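# Tertiary structure, described
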Amino acid sequence: MSLARWNQAARSRLSRLLVVLLLLVVPSLALAQAAVEPTGTPAAGAAPAAPAAKAGAAAPARGAALPPDSWAGQLEMLSRWVEQRGAAGECAERCYALDRLRITGVVGEGPLQFELSGGVLADGPVAVPLFGPPEHVRIEAVLDDGRPASRREAAPISFEGSHYYLWTAARRFVLRGTLSLGGDLTLLVAGPLNTFEADVTGGSVAEGARLSGLSGAALHFSTEGGEAAQSAGPTVFQLSRAVRVGREIGFEYRLVMRSGTDLGVVRLPLAFGEKVLDVSGASGFRVEGAELVLPTSGRAAEMTISGTLPKVGAFSPDPRSAYEWWLFESDAEHRLTVNGGRQVDAAESPIPRTQATSRLLLVQRGQSVEVKVEPLAGVEVLAAVVREHRRTLVLTERGDLVADDALSYENNGIDYLTYAPGGRPIYLATDGKAQRIMHQGAAAEEVLVPLQTGSHTIQVQSLAQAAVRSIGGTMALPMPSYPLTASRMALTVGLPESVLPVALLGGDRPVWFADAGDALAVAFGFAAAWIAVRPGPAAGRGRVRALRVLGGLVMAGLWFVAPATFVALLVGIATGAAAWLAGRLFRGASRAAAMVVLLVAGGLALLIGLFAISAGRYQGERWDSAYETAAPSAASVRRAKDDDQSKGGGASLAPGGAVLEGVTPVALALPSYARNLHVSRELVTEERAFRPVLVYTTASALVPLALLWLAGVVVLLAAHRAPLTEIYRRASARLARRPEDGAPAA
C-alpha cells in the first residue's frame, strides 16, 4: 500500500472513531448531570421528597463507588433512568377519567341515546365503570377510540355487581349508543363524572337536567311533569324507612331532597303515630300536631329521623315519593309477617341493617304493606323441655284404658304446666311424691302440674274408655297434650287375650304384627313342608305341589298359634332328613354313631329354640317392670299423707273406697295384659302431635281361619295315610319281635 493511500485510509478511520467517541460522551454527560442533581441541596421551601424519591436517591448513594466516567457507572445510570421512566407511566388508582355524559330522546317511548366521553390514564386496558343496575338497564354502544369509522366495532361492555364496565385502553374515547331503562326508570352512574346533560322530552330527570360532580349517583327519570314540574316544589323527595321490632318498636327514616330552588320548610306527616326522638341533618325541628316540621336551607338536604312507634300495622309511602324502601327487622323474641310490596335483596338497603332477620321491600306509590308481629312465647320452647315421655296404655277386656305416663323434664322458670292426660286423671306425682290433682277451673280438663326448676320427673295416671268391635277395626289411642316440646315420646300398648294387633300406626315407623324374624320362621316352615310332604308315588306332580304349599301354610299358621310346637316339629323334620341321609351314607357301627350324634344335635337345637321363644315372650311381658321403679313407695305415700294431714286435708275417709276431692291420690297398679306393642316418635309438639292408631282384630274373627287351618291339617294327614300306616305297621312288627326269633338255629 502506498503512503498516500495509507494516509487517506487513516483519516477515514480517525473520523469514524471520533464520531463513536462523541456519541458515547454526550449521553454520559447528560446522565451524570441527571444523577448529580437529586443529590444537591433542596431549595428553600421545597416539599419533602416522597418515599419513592427517597428510594431513588438511595440508589445513587449505593452506586457512588462506581466512577461516573467508567463504562459500569454509565450503564448503572442508564438502567436507573430507564426504570424511572417506566415507573412514571404506571397507574395505581382510578386509571380513567369521565368527562361528559349527554342523554337525549323521549322518556318512556323506547331507548334513550347517550354519548359518554373520557379517557384512560394507564398504558394498558382498564375497566371503566358505566351505568347500572344491569337487571334494569340494557346498553348497546359503539366505541370511538380514534380509529376510522369503517373499522369501529361494538364496544366491549360487560357487567359485574351493580354496574356495566367498558374495557378499553384508548387515551381518549367517545362511547355512543342507546340505553333502555326498566323498572322504576332509575339510572345509577358510578362516576366520577364531571358533567351530566339531559336533553329529553316527554318527561324529566328528577335530579335536574344539568348536573356536575356525580359519583355513585342515582338519576330518576319521570314521565310526568317536565320543565314546569322542576320549578314547582321539590323535584326529588326520596324517603327510605326502617322499622325495628324488639322490646319496643323503633323506626329510622332517611330523607333526601333536592330542588331547583330553595327547599325552605318541609313538613313530613307522622301518619303512623311516630314519636320523634332525634333528627340529624336538620336543626330546630319541631312537631306540630301530626306533622314533623323540618327547616332546611339551600337546594339540597339529607337527614335521618329516628324515634319509636306505638304499634305495627298497615304502612304506605308518602304521596310525594314515587317509591320507598321499607326495611323491617325483629329480634329473636319476635316474628314478623309482612304482606305487600316487592321483596328485594336486603344488601341494597340504603339504611344499614342491624338484624339477620331483616327484609327489604320496594313499595310503589299507591301500594301498602301489612305487618303483623307475633311475640315468641318462652313457655313453649325456651323455658321448659320434656326430654323423654314414656306412656303405658293397657286395654282391658271390658274396654277400659288405663294409662301410666312418666315424664322427665328440664325447667328454667315455669311455675305450672297445663297437662291434658287424655282421660280422667286419678294420680299425680312429682319426683315420686304424690300431689293433689288441681284444675284451673271447675269445667277444665287440664291438670295443673307444679314444676320445679332443674331436672325432675312427673308421673300421671288416667282412665278412659274404648269401644272394641267384635270383628276388629281401628282404634285411636288417647294421648296427653301439653304446651311443651317433647324430645322423645315412647308408647307401649298392652292388649288382652281376645284382641289381636295387626298394626300400630302414627310413630316414626309403623309397627306390624310380624317382623323379619317371623318372615324367616315362615320361610323355614315352607322349606320343612317341602321336604316332609311326600304323599306317595300314586299322587300326581300337581297334587304333590299343592300339598306342599298347603303344608307350608299349615307350618306358618303353627308358628303364630304355637311357636314351641312349630320349633319341635321343625327340629324333628330336620333331624329325620339328616338321619335318612346318614342311613344312605353309612353302614354298621358308623351309621349307629351318626344316628346318636344326630339325636343329640336335634335335642340341643330343640332346647335352644324353646329357650329363645320363652326369652322373647318374657321380655315382652315384663315391660311394665320398668315402671315399677316409677311408682311411689309406701314410705313416700305415707309421707305425702302425713303432709296432707298436717295441712288439714286428710280428716275425712272415703266410704267404700270412693274418690274424694282435695285428698292426695294413691297410685293404681296396671292391669295385666297378654301381648304388647311398642312405638315411638321423636320431637313431638302441639303442632306435630303424636296420635297413634291401633289396627286390630279379635279372637272370634279368627275362628274361620282356625277352622281352615285344622282342615288343612286333616287334608295333609289324609294324603299321608298310606305312608303313615306303613310306618305304624313296621314299628309294631319291630316292637312285637322277640330276641330269640332273630337268633340263628343251632
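These figures come from a predicted structure and were not determined experimentally. One numbering rule holds for all chains: residues counted from 1, following each sequence as written. Local features in a predicted model are, by the rule used here, given only for residues with pLDDT of at least 70; side-chain atom pairs are given and counted only at 80 or more, and totals for whole chains, interfaces and linings are based on all residues. Water and hydrogen atoms were dropped before computing side-chain values, which therefore reflect all heavy atoms in the structure.

## Concerning the overall build of the chain
- In terms of regular secondary structure, the chain is built from 11 helices and 39 strands.
- Residues counted as buried form 36% of the 746 residues belonging to the chain.
- Any two residues whose heavy atoms approach within 4.5 Å are treated as being in contact. Residue pairs at least 24 apart in sequence account for 72% of intrachain contacts in the chain once pairs closer than 6 positions are excluded. Comment: elements are numbered from the N terminus, with helices defined as DSSP H or I runs of at least four residues and strands as E runs of at least two. Residue burial is assigned from relative accessible area. The probe radius is 1.4 Å, only protein chains are included, and a residue is buried under 20% of its type maximum, exposed over 50%, and partly exposed in between.

## Digging into the nonpolar core
- Buried Ala, Val, Leu, Ile, Met, Phe, Trp, Tyr and Cys residues that are joined via side-chain atoms within 4.5 Å together make up what is termed a nonpolar core. By size, the foremost hydrophobic cluster in this structure holds 40 residues, and its most contacted members are Phe114, Phe196 and Phe221.
- Ignoring sequence-local partners within four residues, the contact set of Phe114 consists of Leu101, Arg102, Ile103, Phe131, Ile139, Glu140, Ala141, Leu175, Arg176, Gly177, Thr178 and Leu179.
- Formed by 38 residues, the second largest nonpolar core is a distinct cluster that contains Ala384, Leu484, Val499 and Leu694.

## A short note on the packing of helix H6 (residues 541-561) against helix H10 (residues 703-719)
- Angular values range over 0 to 180 degrees, each being the angle between N-to-C directions of two axes fitted as lines to C-alpha atoms, with helices fitted over their stretch in contact. Here H6 crosses H10 at 135 degrees, and the two axes come no closer than 10 Å. Judged on the interaxial angle alone, H10 and H6 are oblique. Read as a crossing pair, H6 and H10 show a hand that is left-handed. Contacts between H6 and H10 pair Arg543, Leu547, Leu550, Gly551, Leu553, Val554, Gly557 and Leu558 from the former with Trp709, Gly712, Val713, Val715, Leu716 and Ala719 from the latter. Here roughly perpendicular refers to angles of 65 to 115 degrees, roughly parallel to angles under 35, roughly antiparallel to angles over 145, and oblique to all remaining angles. Crossings are sorted by hand: turned counterclockwise from the far helix by less than a right angle, the near helix makes the crossing left-handed, and turned clockwise it makes it right-handed.

## Brief notes about the pairing of strand S19 (residues 291-295)
- In short, DSSP must find at least two bridges between two strands for them to pair. Of the pairings in the sheet, the one linking strand S16 (residues 265-269) to S19 comprises 5 bridges and is antiparallel in character. For Val265, the partnering residue across the bridge sits in S19 and is Pro295.

## Description of the sheet that holds strand S25 (residues 359-364)
- Strand order across the open sheet formed by 7 strands is S17-S20-S15-S14-S22-S25-S24, with mixed pairing between neighbours. Looking at the sheet topology across the chains shown, the edges are occupied by strand S17 (275-280) and strand S24 (342-344). Between one strand axis and the next, the sheet turns by 25 degrees as a mean value, whatever way the strands run.

## Remarks on the pairing of strand S30 (residues 424-430)
- Of all 7 residues that make up S30, 6 are buried, and the element is covered over most of its length.
- The sheet contact formed by S30 and strand S33 (residues 454-465) spans 6 bridges and is antiparallel. Bridge pairing in S33 links Tyr427 to Gln461.
- Pairing geometry for S30 and strand S31 (residues 433-434), over 2 bridges, is antiparallel. Bridge pairing in S31 places Thr430 opposite Lys433.
- What sits between S30 and S31 in their antiparallel hairpin is a turn of 2 residues, with Asp431 showing a positive phi close to 55 degrees.

## A look at helix H11 (residues 721-736)
- For a helix, the expected span equals 1.5 Å multiplied by the residue count minus one. Taking 1.5 Å of rise per residue, the 16 residues of H11 would be expected to cover 22 Å, and the 22 Å separating its terminal C-alpha atoms lies within 8% of that figure.
- Counting buried residues in H11 gives 0 out of 16 residues, a small share hidden from the surface.

## Structural notes on the sheet that holds strand S34 (residues 473-476)
- With antiparallel pairing, 4 strands are arranged side by side in an open sheet as S34-S39-S36-S37. A single partner strand is all that each edge strand has here, and the edge strands are S34 and strand S37 (511-512).

## Details of the packing of aromatic side chains
- Pairing of aromatic side chains requires ring centres within 6.5 Å, counting the rings of Phe and Tyr and the six-membered ring of Trp. Pairs whose planes differ by under 30 degrees are stacked, by over 60 edge-to-face, and all others tilted. Following the criterion strictly, the structure yields 10 aromatic pairs and no others.
- With a centroid separation of 5.6 Å and an interplanar angle of 10 degrees, the aromatic rings of Tyr419 and Tyr482 are classed as stacked. Linking Tyr419 in strand S29 (residues 416-419) with Tyr482 in the loop between S34 and strand S35 (485-495), this pair joins segments that are 63 residues apart in sequence. We note that Tyr419, like Tyr482, is buried.

## Focus: helix H7 (residues 563-585)
- With 23 residues, H7 should cover 33 Å at 1.5 Å per step; its first-to-last C-alpha distance of 33 Å lies within 8% of that length.
- Taken as a whole, H7 has its buried residues at Pro563, Phe566, Val567, Val571, Ile573, Thr575, Ala582 and Gly583.

## Here we look at the side chain of His334
- As for its position among the elements, His334 is in strand S23 (residues 334-339).
- Note on His334: relative accessible area 17%, which makes it buried.
- If sequence neighbours within four positions are ignored, His334 has contacts with Val245, Gly246, Arg247, Val373, Glu374, Pro375 and Leu376.

## So, the side chain of Ser349
- Within the fold, Ser349 resides in the loop between S24 and S25.
- A distance of 2.7 Å separates a polar atom in the side chain of Ser349 from the backbone oxygen of Ile351.
- Setting aside its immediate chain neighbours within four residues, Ser349 contacts Leu327 and Leu360. In protein, a polar contact means a hydrogen-donor-capable atom and an acceptor-capable atom, both N or O and within 3.5 Å, with residues adjacent in sequence counting only if both atoms are side-chain atoms; elsewhere, any N or O pair within 3.5 Å suffices.

## Examining the confidence of the model for the chain
- Per-residue confidence from the prediction method is given by pLDDT, with values spanning 0 to 100. Chain-level pLDDT for the chain is 77 on average; 77% of the residues reach the 70-or-more range.
- In the model of the chain, helix H2 (residues 51-62) stands out as the element of lowest mean pLDDT, 40, in contrast to strand S21 (residues 314-315), which has the highest, 94.
- Across residues 1-7, confidence stays below pLDDT 50; counting only partners more than four residues off in sequence or on other chains, it has 1 contact.
- Low pLDDT, under 50, characterises residues 28-64; the predicted model gives this stretch 11 contacts beyond four residues in sequence or across chains.

## A short note on the pattern of salt bridges
- Whenever a carboxyl oxygen of Asp or Glu lies within 4 Å of a side-chain nitrogen of Lys or Arg, that contact is scored as a salt bridge. Scanning the model with the defined rule gives 22 salt bridges in all.
- Asp144 serves as the salt-bridge partner of Arg176, at 3.3 Å between the closest nitrogen and oxygen. With Arg176 in strand S8 (residues 173-181) and Asp144 in strand S5 (residues 137-144), the pair connects residues that are 32 residues apart, well separated along the chain.
- For the salt bridge of Arg244 with Glu329, the shortest nitrogen-to-oxygen distance reads 2.9 Å. With Arg244 in strand S14 (residues 236-245) and Glu329 in strand S22 (residues 323-330), this pair connects stretches of sequence that are 85 residues apart.

## Considering the environment of Arg320
- Looking at where Arg320 falls in the secondary structure, it is placed in the loop between S21 and S22.
- Considering only alpha carbons, one finds Arg320 and Leu239, 81 residues apart in sequence, at a separation of 9.1 Å.
- With sequence-adjacent residues up to four places away left out, Arg320 is seen in contact with Phe237, Val266, Arg267, Leu268, Pro269 and Arg365.
- Here Arg267 takes part through its backbone oxygen, which lies 2.8 Å from a polar atom of the side chain of Arg320.

## Regarding unusual backbone geometry
- Residue Pro133 is bonded to the preceding Gly132 through a cis peptide linkage, with omega at -5 degrees.
- Mapped onto the elements of the fold, Pro133 is located in the loop between strand S4 (131-132) and S5.
- Here the bond from Gly191 into Pro192 is cis, since omega is -5 degrees, no more than 30 degrees from zero.
- Despite not being glycine, Asp431 shows a phi value in the positive range, around 55 degrees.
- As for its position among the elements, Asp431 is in the loop between S30 and S31.

## A short note on the environment of Leu112
- If you trace the backbone, Leu112 turns up in strand S2 (residues 112-120).
- Sequence separation between Leu112 and Gly177 is 65 residues, and the spatial gap between their C-alpha atoms is 8.5 Å.
- In this structure Leu112 touches Ile103, Thr104, Gly105, Val106, Val107, Gly177, Thr178, Leu179, Leu181 and Phe221, once residues within four positions along its chain are discounted.

## Here we look at the environment of Asp199
- Looking at the secondary structure, you find Asp199 in strand S10 (residues 193-201).
- The spacing of Asp199 and Ala209 is 10 residues in sequence and 7.1 Å in space, taken between C-alpha atoms.
- Look past the residues within four positions of Asp199 in its chain and what remains in contact with it is Arg102, Ile103, Thr104, Gly105 and Arg210.
- Here the side chain of Asp199 touches Arg102 through a polar contact of 3.1 Å, side chain to side chain.

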